[in-house]
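Coordinate inspection notes
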Amino acid sequence: MSRIGRMPIAVPAGVTVDIAENNQVTVKGPKGELSRKLASEMKIEKDGEEIKVTRPNDLKRMKSLHGLTRTLINNMIIGVTEGYEKKLEVNGVGYRAAKQGKKLTLNLGFSHPVEMEDPEGVEVTVDGQNLIIVKGIDKEKVGQYAAEIREKRPPEPYKGKGIKYDYEVIRRKAGKTGK
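Residues numbered from 1 in each chain as written. Predicted model: local features only at pLDDT ≥ 70, side-chain atom pairs only at ≥ 80, totals over all residues. Heavy atoms only, no water.

Helix and strand counts for the protein stand at 3 helices and 13 strands. Computed over its C-alpha atoms, the radius of gyration of the protein comes to 21 Å, more than 25% above the 16 Å expected for a compact globule of 179 residues. C-alpha extents for the protein along the principal axes are approximately 70 × 45 × 25 Å. Counting only residues that meet the buried cut, the protein has 36% of its 179 residues in that class. Within the protein, contacts between residues at least 6 apart in sequence are counted, and of these 50% link residues at least 24 apart. Surface accessibility of the protein: about 11000 Å² in total, with carbon and sulfur atoms responsible for 49%. (Helix = DSSP H or I, 4+ residues; strand = E, 2+ residues; numbered from the N terminus. Rg over C-alpha atoms; globule rule 2.2 N^0.38 Å. Buried < 20%, exposed > 50% of the residue type's maximum accessible area, 1.4 Å probe, protein only. Contact = heavy atoms within 4.5 Å. Areas by Shrake-Rupley, 256 points an atom, 1.4 Å probe, with all protein chains shown as cover.)

So, in structure tokens, the structure goes:
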């Protein structure tokens, strides 16, 4: 049995969870509201201040969906209570980030600045000139937008220039040696 899928999800105070037909789950909390249609095969039931996910049988697909469904609901609850955040560092001479309204402008050594529009439900702040903080209530959107920012100039192994996550460690390589 799925260890993650079996665990009940605690619903904190101030959060309401509505389960409609076809497993349309809506979670409302202090930070906002998230809604998602989950796998219709899974049985999601609210039991007081807990939510339990059960699967109909032990087929491979059902086992896979069991833990996934539970984790998606849990992520929605964490999102509306605490929110999610990812930090990115911009490293390199002349590399900098700036924010104007809903537009993020990145100078990354190209002949032109790279401009990115903030997606719906994601808030981006720039701390100093080299720290970008991506915040939001939807874990998937926050992670996706942070990955798109990093993709503009991934870190390179020789000088470590580029955009990296704050926890990421770049394995450095030795450069060419002359004769």
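The terminal C-alpha atoms of helix α3 (residues 139–151), which comprises 13 residues, lie 18 Å apart, in line with the 18 Å expected from a rise of 1.5 Å per residue. Those residues of α3 not exposed but buried are Val142, Tyr145, Ala146 and Ile149. For α3, the angular spread of the buried residues around the axis is 100°, confining them to a single face. Of the residues in α3, the exposed ones pointing more than 90 degrees away from the buried face are Glu140 and Glu151. Looking at the packing, one finds that the buried side of α3 touches β7 (84–91), β9 (103–107), β10 (114–117), β11 (122–127), β12 (131–136) and β13 (162–165). Where α3 starts, the residue carrying a side-chain oxygen 3.2 Å from the main-chain nitrogen of Glu140 turns out to be Asp138. (Expected span 1.5 Å × (residues − 1). Arc of directions from axis to C-beta. Polar contact = N/O pair within 3.5 Å; in protein donor to acceptor, adjacent residues only side chain to side chain.)

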